[in-house]
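Structure assessment
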Amino acid sequence: KAGVTQTPRYLIKTRGQQVTLSCSPISGHRSVSWYQQTPGQGLQFLFEYFSETQRNKGNFPGRFSGRQFSNSRSEMNVSTLELGDSALYLCASSLDGRGHGYTFGSGTRLTVV
Amino acid sequence: DAKTTQPPSMDCAEGRAANLPCNHSTISGNEYVYWYRQIHSQGPQYIIHGLKNNETNEMASLIITEDRKSSTLILPHATLRDTAVYYCIAGIMEYGNKLVFGAGTILRVKS
């Protein structure tokens, strides 16, 4: 079966711009989670969506937002980019979002210059 | 979520069993132990999870001590492709729960 697809794979943006990242989950998976990975902070949870509703949110500023569509595809948006937002953004899908069996995508590498 | 402690790195000879320890002394009764791994330049990969009993699947075995304060992930016959960062996570299995990743253990499998 097809895995979790994240687009684009690489992105370079300028400070102050905004960016939208996309995630297509495995067919049938209704839970989509987003994580940020940096060398200094490691993997950190951003938010989780299930059936178009955000069920959980991590400790990130309001510049980070997301949404989920009726087909379970999800997008995350970062507004007013800062240099510190440079990271690998990972999306994970699962049937119900209960901690086990998450399938992660390969991520989007965002560089803010 | 309970905090987990893992050694920063371990080496293992190819073909031998890799035993990765994890300490979770503050784990509560309803928290599961999950293991994920991350191979360079890829997203994390789910390996196995358990609550009290030992678990085995096609990838690995998970041994949880009777007091549940520690566990060991066992890769029975490590290969070079098993070189990765291994994360031990303790958390409640509830809808929408986040995975709290620590620094993990870098496992280097050597020929």
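Notes on the structure in this doc start here. (Residues numbered from 1 in each chain as written. Chains lettered and ligands numbered in written order. Predicted model: local features only at pLDDT ≥ 70, side-chain atom pairs only at ≥ 80, totals over all residues. Heavy atoms only, no water.)

**A few points about the overall build of chain A**
Helix and strand content of chain A: 0 helices and 11 strands. Tracing chain A from N to C terminus, the helices and strands come up as β-β-β-β-β-β-β-β-β-β-β. Against the globule reference of 13 Å for 113 residues, chain A gives a C-alpha radius of gyration of 13 Å, in line with a compact fold. The principal-axis extents of the C-alpha atoms in chain A amount to approximately 35 × 25 × 25 Å. A total of 113 residues make up chain A; the buried ones form 50% of that total. Sequence-distant contacts in chain A: of pairs separated by 6 or more residues, those separated by 24 or more amount to 55%. A total accessible area of about 5,200 Å² is found for chain A, and carbon and sulfur atoms account for 47% of it. (Helix = DSSP H or I, 4+ residues; strand = E, 2+ residues; numbered from the N terminus. Rg over C-alpha atoms; globule rule 2.2 N^0.38 Å. Buried < 20%, exposed > 50% of the residue type's maximum accessible area, 1.4 Å probe, protein only. Contact = heavy atoms within 4.5 Å. Areas by Shrake-Rupley, 256 points an atom, 1.4 Å probe, with all protein chains shown as cover.)

**Side note on the nonpolar core**
Note that soluble globular proteins tend to have their nonpolar side chains buried in a common cluster. Residues and elements named next belong to chain B. Counting residues in hydrophobic clusters, the biggest one holds 22 residues, and the most contacted among them are L20, W35, L73, L75, Y86 and L107. Contributing elements (two or more residues each) for this core: β2 (18-23), β3 (31-38), β4 (45-50), β6 (61-64), β7 (70-75), β8 (84-92) and β9 (105-110). The leading source of residues in this core is β8, at 4 residues. Discounting chain neighbours no more than four positions away, the residues touching Y86 are Q6, L20, W35, Y36, R37, I47, L73, L75, G104, T105 and L107. (Core = buried A, V, L, I, M, F, W, Y, C linked by side-chain atoms within 4.5 Å.)

**Overview of the sheet that holds β7 of chain B**
Residues and elements named next belong to chain B. Taken in spatial order, the 4 strands make up an open sheet running β2-β7-β6-β5, and their pairing is antiparallel. At either margin of the open sheet sits one strand with a lone partner, and together these are β2 and β5 (55-56). Judged from the 2 bridges that link them, β5 and β6 form a sheet pairing that is antiparallel. The residue of β6 that forms the bridge with T56 is S61. (Pairing = 2+ DSSP bridges.)

**Some details on the sheet that holds strand β3 (residues 19-24) of chain A**
Residues and elements named next belong to chain A. If you trace the 4 strands from one edge of the open sheet to the other, you get β1-β3-β8-β7, paired in antiparallel fashion. Either end of the sheet is taken by a strand with one partner, and the two such strands are β1 (5-7) and β7 (64-68). With strand direction ignored, the average angle separating the axes of adjacent strands in the sheet is 15 degrees. Here 5 bridges tie β7 to strand β8 (residues 74-78), and the two strands are oriented antiparallel to one another. Paired with S65 across the two strands is N77, which belongs to β8. (Axes fitted to C-alpha atoms, helices over the stretch in contact; angles between N-to-C directions.)

**A short note on the pattern of salt bridges**
Residue and element names in this part refer to chain A. As enumerated under the stated definition, the model contains 8 salt bridges over all chains in all. One salt bridge connects R67 with E75, and the closest N-O pair in it is separated by 3.2 Å. Exposure remark for R67: the relative accessible area of 46% places this residue in the partly exposed category. Given a relative accessible area of 16%, E75 falls into the buried group. (Salt bridge = Lys/Arg side-chain N within 4 Å of Asp/Glu carboxyl O.)

**Notes on the environment of N57 of chain B**
All names here are of chain B. Take N57: it is sitting in the loop between β5 and β6. Between the alpha carbons of N57 and M10 there is a distance of 22 Å; along the sequence they are 47 residues apart. The contact partners of N57, leaving out residues within four places of it in the chain, are I47 and I48. There is a polar contact of 2.9 Å between the side chain of N57 and the backbone nitrogen of A60. (Polar contact = N/O pair within 3.5 Å; in protein donor to acceptor, adjacent residues only side chain to side chain.)

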